[in-house]
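An overview of the molecular structure
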Amino acid sequence: MGYTAPALKTARDSNGGPHLELEGSVRMSTTATDVETKIKSIIADQLGVGEDEIKPESSFIEDLGADSLDIVELVMAMEEEFEVEIPDDEAENIKTVGDAVNYVKTHKK
Amino acid sequence: MSNRRVVITGTGIISALGTGTEKNWQAMLAGQSGISTITRFDLGKLDARIAGEVKDFQPEQFIDRREVRRMDLFAQYAMAAADMAVKESGLPIGPDAPHGYIPERVGVIVGSGIGGISSLEEQHRKGLEKGFDRLSPFFIIQMIINMAPGLISMRYNCKGPNWSPVSACATSAHAIGEAWKSIRLGETDAAIAGGAEAAITPLGMGGFSVMKALSTRNDDPARASRPFDKERDGFVMGEGAGIVVLEELEAAKKRGANILAEVVGYGANSDAYHVTQPAPEGEGAARCMRLALESAGMRPEQVGYVNAHGTSTPFNDANETKALKAVFGDHARKLAVSSTKSMTGHMLGAAGGAEAVVSVQVLTKNVLPPTINMTSPDPDCDLDYVPNTARDARVDAVMSNSFGFGGTNAVLVFKRFS
């Protein structure tokens, strides 16, 4: 397969606000495992938690300490990473890591 | 309950000279310059290419990693300086701490001249590139100035007045003065007060640069900030924070606090003259110094040292000198005056707080920090500016001047505690 998984790079600027970039010019659809790995990596970075603490049943708010602004940021990061659109009413139903993974798997192009 | 005495029990400072009071103080006594070529962004064709960038700051030493990314750099500086000040003070808050202050009676007054400008720049860029529906949900909380005192109040459970003065280069002197007033009048019993700034960004540098306010001594950064020297050509942008803990004297004594100095006077007024130029003869500044002395119930002769506003602009330093002569009369010749901006650069909204920390050091360590880079005497600036070398001297009262764009002035008076 002439495919290289795009490396997720976290860039930080002077005020600490990270943004996610895809390195490499080829951007191709990702496998199911990639989705989980990437979502974990986004969560770990944005919420400052270890990847081993992130389980499919983990609730963003109750287990991972997110607040409403974190959720907005996570949703936006997933939209950009997987080129999906997550409408607000759908985003409200994403409460656990598993919900996020399932949503992306179902809706990504 | 009026006219209670107010003391300082903790200090926190971050500047181009380093993070922490002791590090700053030692650098000042050694006459070090914190100014160098800007490394943080591409300077393009900017006229002014030097600044006092903070180089050793590690936010994770003070703030949870996750919180760091939700804060603009100015708020990180504020949190870190507050942390150092509260630690030094041992300020107890809440019923569980021995002699703990009632949370509702502890204020946080921390301002910034400019606020989260790097966040503003970054998010504006993002909006133009990706659309304004793709901004970070943290943008507003990063940008707004009162997030600094808000975050500090959350950490220490300070439930009293919580707000930010915004008065350019007088910001944090106003913050400390207003906190002093609030405790003095019995509205609060303790406060965390000062300011923070992080405006060494393309917009911040570009904006001041096109006003011709900044030094363009780009080839000799360490000698660019030269207050009161004839060759001065503008201020050098600095950044960082200066925050102090203030307590009502009797409460501080009761809890056995280590009292560093007393805040005894505060003046605040306006030039009502021009957006950037000081009023002729430093009239507004002089009036403000008199207000501060009056509120302290002190005669000019009782002041031994003035930490000047001393920005290194041609206008400020000549006018401040005139104002000092007008207020202090014959005593102006005996007075020691220095500008620590010669070493830190001008920290804008953090300057008054940082210089309050310096003033406290002067009273506790009995040494006057120098004005560095004084090599060419200016006939318009003919006072004793403690040129180039720190000086051992025991003074009992210190005045700290802060004047800002918009014609705003704030002056604080500190006294040796006895």
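Residues numbered from 1 in each chain as written. Chains lettered and ligands numbered in written order. Predicted model: local features only at pLDDT ≥ 70, side-chain atom pairs only at ≥ 80, totals over all residues. Heavy atoms only, no water.

The name recorded for chain B in an unreviewed UniProt entry is 3-oxoacyl-[acyl-carrier-protein] synthase 2, from Corallococcus interemptor. Entered under Sequence similarities (unreviewed entry) in the UniProt record, the comment concerning chain B runs "Belongs to the thiolase-like superfamily. Beta-ketoacyl-ACP synthases family." (UniProt positions renumbered as here; feature names shortened; annotations may be inferred.)

This paragraph deals with helix H7 (residues 171-184) of chain B. Residues and elements named next belong to chain B. Its 14 residues place the ends of H7 20 Å apart at the C-alpha level, agreeing with the 20 Å of an ideal helix rising 1.5 Å per residue. Burial analysis of H7 places twelve of its 14 residues in the buried class, the great majority of the element. Along H7, the residues that are buried comprise Thr-171, Ser-172, Ala-173, His-174, Ala-175, Ile-176, Gly-177, Ala-179, Trp-180, Ser-182, Ile-183 and Arg-184. Phi turns positive, to about 85°, at Gly-186, one or two residues after H7. (Helix = DSSP H or I, 4+ residues; strand = E, 2+ residues; numbered from the N terminus. Expected span 1.5 Å × (residues − 1). Buried < 20%, exposed > 50% of the residue type's maximum accessible area, 1.4 Å probe, protein only.)

Residues and elements named next belong to chain B. Turning to helix H1 (residues 21-29), its buried residues number three or more, namely Thr-21, Asn-24, Trp-25, Ala-27 and Met-28. The buried residues of H1 occupy an angular sector of 165° when the element is viewed end-on, so they sit on one face. Buried residues belonging to H1 abut strand S1 (6-15), strand S2 (18-19), helix H12 (341-344), helix H13 (351-365) and strand S12 (367-368). Directly beyond the C-terminal end of H1, a positive phi value near 70° is found at Gly-31. (Arc of directions from axis to C-beta. Contact = heavy atoms within 4.5 Å.)

A few words now on the nonpolar core. All names here are of chain B. Ranked by size, the top nonpolar core spans 46 residues in total, and within it Ile-8, Leu-246, Val-362 and Leu-368 carry the most contacts. Take this core: its biggest share by element is eight residues, from H13. Excluding residues that lie within four positions of it along the chain, Leu-368 makes contacts with Tyr-305, Ala-336, Val-362, Val-386, Ala-390, Arg-391, Ala-393 and Val-395. One finds Ala-85, Met-147, Ala-190 and Ala-252 within the second-largest nonpolar core, a separate group that totals 43 residues. (Core = buried A, V, L, I, M, F, W, Y, C linked by side-chain atoms within 4.5 Å.)

All names here are of chain B. Turning to its location among the elements, Glu-129 is positioned in helix H4 (residues 117-130). In this structure Glu-129 comes out as exposed when scored by relative accessible area, which is 61%. For the pair Glu-129 and Asn-401, spaced 272 residues apart in the sequence, the C-alpha separation amounts to 44 Å.

We now examine the pattern of salt bridges. Once the charged atoms of two side chains with opposite charge are near each other, the side chains can pair. On inspection of all chains with the given rule, the structure shows 32 salt bridges over all chains. Between Glu-301 of chain B and Arg-299 of chain B there is a salt bridge, with the nearest N and O atoms lying 3.7 Å from each other. Its relative accessible area of 43% is what places Glu-301 of chain B among the partly exposed residues. Salt bridges linked by common partners bring Asp-67 and Asp-70 of chain A together with Arg-66 and Arg-70 of chain B together as one network. (Salt bridge = Lys/Arg side-chain N within 4 Å of Asp/Glu carboxyl O.)

Next up on the list: the UniProt feature "active site" (unreviewed entry) in chain B. Residues and elements named next belong to chain B. When the UniProt feature table is mapped to this numbering, "active site" (unreviewed entry) covers Cys-169. With respect to the helices and strands, Cys-169 occurs in the loop between strand S6 (162-163) and H7. For Cys-169, a relative accessible area of 10% puts it in the buried group. Aside from chain neighbours lying at most four places away, what touches Cys-169 is His-309, His-346, Leu-348, Gly-349, Ser-402, Phe-403 and Gly-404.

All names here are of chain B. Of all the ten residues making up strand S9 (residues 261-270), eight are buried; the element is thus mostly covered by neighbouring parts of the structure. Bridging between S1 and S9 involves three bridges; their strand directions are antiparallel. Counted as the bridge partner of Val-6 is Val-263 from S9. Examined bridge by bridge, S9 and strand S15 (residues 408-415) share eight bridges and lie antiparallel to one another. Bridge assignment links Val-263 to a residue of S15, and that residue is Phe-414. (Pairing = 2+ DSSP bridges.)

Right, let's talk about the packing of helix H3 (residues 73-89) of chain B against helix H6 (residues 147-156) of chain B for a bit. All names here are of chain B. The geometry of H3 relative to H6 is characterised by a closest axis approach of 9 Å and an angle of 40° between their N-to-C directions. With respect to each other, H3 and H6 are oriented oblique. For H3 against H6, the interelement crossing comes out right-handed. Of the residues in H6, those in contact with Phe-74, Ala-75, Ala-78, Met-79, Ala-82, Asp-83 and Val-86 of H3 are Ala-148, Leu-151, Ile-152, Arg-155 and Tyr-156. Class assignment of the residues belonging to the contact of H3 with H6 gives a composition of ten nonpolar, no polar and two charged. (Axes fitted to C-alpha atoms, helices over the stretch in contact; angles between N-to-C directions. Parallel < 35°, antiparallel > 145°, perpendicular 65-115°, else oblique. Left-handed = near helix turned anticlockwise from the far one by under 90°. Nonpolar A, V, L, I, M, F, W, Y, C, P; charged D, E, K, R; others polar.)

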